[in-house]
Amino acid sequence: MVECLLAKEDVASSSLVSRSIKKIRKPLRLFFVSGVYVMKQMQKYLYFALLALFFLLGLTLRAKLYIASNVFSDDECRLVLSILNKNIWESFLFLGSAQSAPPLFIFCTKMITAVFGFSEHAAKFIPFVSSVAAIYFFYKCCTQYFKKNYTRLAAVFIFAICQPLIAFSSIFKQYSTDVLIACICLYYFPKIKEFDRKKLIITGVGICILPFISLPSLFFIGAFLLKNFKNTFKLLLPLAATMILYYFFNLAPAKLDLDTHFPNYWNDGFFGFSFSDFLRFLVLNIKFYFVPNTFSLPAIILFIWGICLFIREKCSYILLSLLLVFMAAFMHIYPLSGRVGLYFIPVMIIFMLKPLETGKWIAVAVVLVFFSFCKYDFCLLYTSPSPRD
């Protein structure tokens, strides 16, 4: 009898507990879901807050240098004299004085100086705006090639405080515009999937104009045409006709003039058959891109590792762009060195930070990234950017 009473009490208590659990299950579930939602929203807001902070940091560093840059260097003076001695339409022709710049860059500069009057800040306005806009478009590139938010943040931070990018934002040269066009190409060309008549015409006009703004854009245009050759082969004829005219009226005389004044100036930007020469070529560019850091080995490892990861993911566009850049340097067509290779910095950062998205090897990637950029990051704010090679 006692056992029966105890059994009934156990059943009653268990049913009471189950009813109590059912009563609190819904509030607990609601609390948990709300907590997860709040955490996700906080992460999202923190992500965009850090992006805004990095953008403002990059803008501040560039604006501070732009405001302080009220003189021209010797090289800038020669370009200024070449422009002043020509009318607005002659900017599409050979400049002389061992100077060369994209025609539309010169044309837009002459328009700005004609409206606001000629001054150092008016002449340097396009490089400054291009450098600031490049931060935004580089972030868009990061959304294209990186899946993790922390990788995007790391890439944007490094790009925002990159010393050569800051230095050339206030130099009257086309190299900041080269970086901007490179970021735009890296973001937009892989997104072009449809090739109806209207879009093909728009794309054709765009790729014919881009080399007049930035000559290195030809590498990214070439990668786009190779990747989509079946749909874009019709664009080869107008592009070839445009480039032949550009070459004979501008590029060929400029190259001849440059070779006369500085016959071996860009030899460091080429490499030969030997692997040691290729390593020298990589080290030279890494040291220039990420000055004052001089520890190149981790950066080379990250760069090669990133190439392997992009090959595994079959990201053909950025790999074709890299191949064309290296082929031009190998064949002594276009150097990748110093300021003329400034456009390659966003490509380099993307490849070097791609290993951060690996799973079990992320710790190794973090260590390599730390040793590639630690000295660079901590020393930058205490060193003055040098615009020279």
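Quantities reported herein were computed from a predicted structural model and do not represent experimental measurements. (Residues numbered from 1 in each chain as written. Predicted model: local features only at pLDDT ≥ 70, side-chain atom pairs only at ≥ 80, totals over all residues. Heavy atoms only, no water.)

Caption draft 1: Expanded view of the overall build of the protein chain. Across its full length, the protein chain carries 17 helices and zero strands. At a minimum sequence separation of 6, the contacts of the protein chain that also span at least 24 residues come to 77%. Accessible surface for the protein chain amounts to roughly 20700 Å². Of this, 72% is attributable to carbon and sulfur atoms. (Helix = DSSP H or I, 4+ residues; strand = E, 2+ residues; numbered from the N terminus. Contact = heavy atoms within 4.5 Å. Areas by Shrake-Rupley, 256 points an atom, 1.4 Å probe, with all protein chains shown as cover.)

Caption draft 2: Structural view of unusual backbone geometry. Despite not being glycine, Lys-314 shows a phi value in the positive range, around 60 degrees. Tracing the backbone through its elements, the reader meets Lys-314 in the loop between helix H14 (297-313) and helix H15 (316-330).

Caption draft 3: Here's a closer look at the state of the cysteines. Summed over the entire model, instances satisfying the criterion amount to zero disulfides. Just so you know, Cys-183 is unpaired, no disulfide at all, and the nearest cysteine sulfur is the one on Cys-141, 4.8 Å from it. Take Cys-183: its relative accessible area is 0%, and that puts it in the buried class. (Disulfide = S-S within 2.5 Å. Buried < 20%, exposed > 50% of the residue type's maximum accessible area, 1.4 Å probe, protein only.)

Caption draft 4: Summary view of the pattern of salt bridges. This structure, assessed with the given rule, holds three salt bridges. We note a salt bridge from Glu-313 to Lys-354, for which the minimum N-O separation is 3.1 Å. Highlighted residues: Glu-313 in helix H14 and Lys-354 in the loop between helix H16 (345-353) and helix H17 (362-380), separated in sequence by 41 residues. Put simply, Glu-357 and Lys-354 hold a salt bridge, and the shortest N to O gap is 3.4 Å. Exposure class is identical for Glu-357 and Lys-354. Each is buried. By sharing partners, the salt bridges in this structure join Glu-313, Lys-354 and Glu-357 into a single network. (Salt bridge = Lys/Arg side-chain N within 4 Å of Asp/Glu carboxyl O.)

Caption draft 5: Layout of the packing of helix H10 (residues 217-227) against H15. At a minimum axis distance of 8 Å, the contact between H10 and H15 shows a crossing angle of 125 degrees. It follows from the interaxial angle that H10 and H15 lie oblique. Seen from above, H10 lies across H15 with right-handed handedness. Each of Phe-219, Phe-220, Gly-222, Ala-223, Phe-224, Leu-226 and Lys-227 in H10 lies in contact with H15, whose residues at this interface are Ser-316, Tyr-317, Leu-320, Ser-321, Leu-324, Val-325 and Ala-328. Class assignment for the residues of the contact of H10 with H15 results in ten nonpolar, three polar and one charged. (Axes fitted to C-alpha atoms, helices over the stretch in contact; angles between N-to-C directions. Parallel < 35°, antiparallel > 145°, perpendicular 65-115°, else oblique. Left-handed = near helix turned anticlockwise from the far one by under 90°. Nonpolar A, V, L, I, M, F, W, Y, C, P; charged D, E, K, R; others polar.)

Caption draft 6: Structural view of helix H9 (residues 197-213). For H9, which comprises 17 residues, the first-to-last C-alpha distance of 25 Å matches the rise-based estimate of 24 Å (1.5 Å per residue) to within 8%. Among the residues of H9, those classed as buried are Leu-200, Thr-203, Gly-204, Ile-207, Cys-208, Leu-210, Pro-211 and Phe-212. Where H9 begins, one side-chain oxygen reaches toward the backbone nitrogen of Lys-198, 3.3 Å away; that side chain belongs to Asp-196. (Expected span 1.5 Å × (residues − 1). Polar contact = N/O pair within 3.5 Å; in protein donor to acceptor, adjacent residues only side chain to side chain.)

Caption draft 7: Geometry of the nonpolar core. The biggest cluster of nonpolar side chains holds 92 residues, and the ones touching the most others in it are Phe-303, Phe-326 and Phe-344. Val-80, Leu-95, Ile-112 and Ala-123 belong to the second largest nonpolar core, which has 13 residues in total. (Core = buried A, V, L, I, M, F, W, Y, C linked by side-chain atoms within 4.5 Å.)

Caption draft 8: Representation of the side chain of Lys-173 within the structure. Examined against the element boundaries, Lys-173 turns out to sit in the loop between helix H7 (163-167) and helix H8 (175-188). The residues contacting Lys-173, other than those within four sequence positions of it, are Asp-75, Leu-79, Gln-99, Phe-105 and Pro-127.

Caption draft 9: Representation of the packing of aromatic side chains in the model. This model, assessed by the stated rule, comprises 34 aromatic pairs. An angle of 20 degrees between the planes, with centres 4.7 Å apart, marks the rings of Phe-189 and Phe-224 as stacked. With a gap of 35 residues between them, Phe-189 in the loop between H8 and H9 and Phe-224 in helix H10 connect regions that are remote in the sequence. Under the relative-accessibility criterion, Phe-189 is labelled buried at 8%. (Phe/Tyr/Trp six-rings, centres within 6.5 Å; stacked < 30°, edge-to-face > 60°.)

Caption draft 10: Expanded view of a nonpolar patch on the surface. Taken together, the side chains of Leu-93, Ile-244, Leu-245, Tyr-247, Phe-248 and Phe-249 define a hydrophobic patch exposed on the protein surface, amounting to about 640 Å² of accessible area. Position of Leu-245 relative to the elements: it lies in helix H12 (residues 236-261). Residue classification places Leu-245 among the exposed residues on the basis of a relative accessible area of 53%. (Patch = residues over 30% accessible without salt bridge, like charges linked within 9 Å, V, L, I, M, F, W, Y side chains within 5 Å.)

Caption draft 11: Spatial organisation of helix H13 (residues 275-289). Across its 15 residues, H13 extends 21 Å between first and last C-alpha, which sits within 8% of the 21 Å expected from 1.5 Å per residue. Buried positions along H13 lie against H7, H14, H15 and H16.

Caption draft 12: Geometry of the packing of helix H5 (residues 125-145) against H16. Orientation of H5 relative to H16, taken along the N-to-C sense of each, is 35 degrees, at an axis distance of 11 Å. Crossing of H5 over H16 shows right-handed handedness. Counted together, Phe-138, Cys-141 and Tyr-145 of H5 and Pro-346, Ile-349 and Ile-350 of H16 form the full contact between these two elements. Of the residues belonging to the contact of H5 with H16, the class tally is six nonpolar, no polar and no charged.

Caption draft 13: Molecular detail of the environment of Leu-93. Tracing the backbone through its elements, the reader meets Leu-93 in the loop between helix H2 (74-84) and helix H3 (103-116). Linking Leu-93 and Pro-253, residues 160 residues apart in sequence, is a C-alpha distance of 9.2 Å. Those residues in contact with Leu-93, other than ones at most four positions away along the chain, are Phe-249 and Asn-250.

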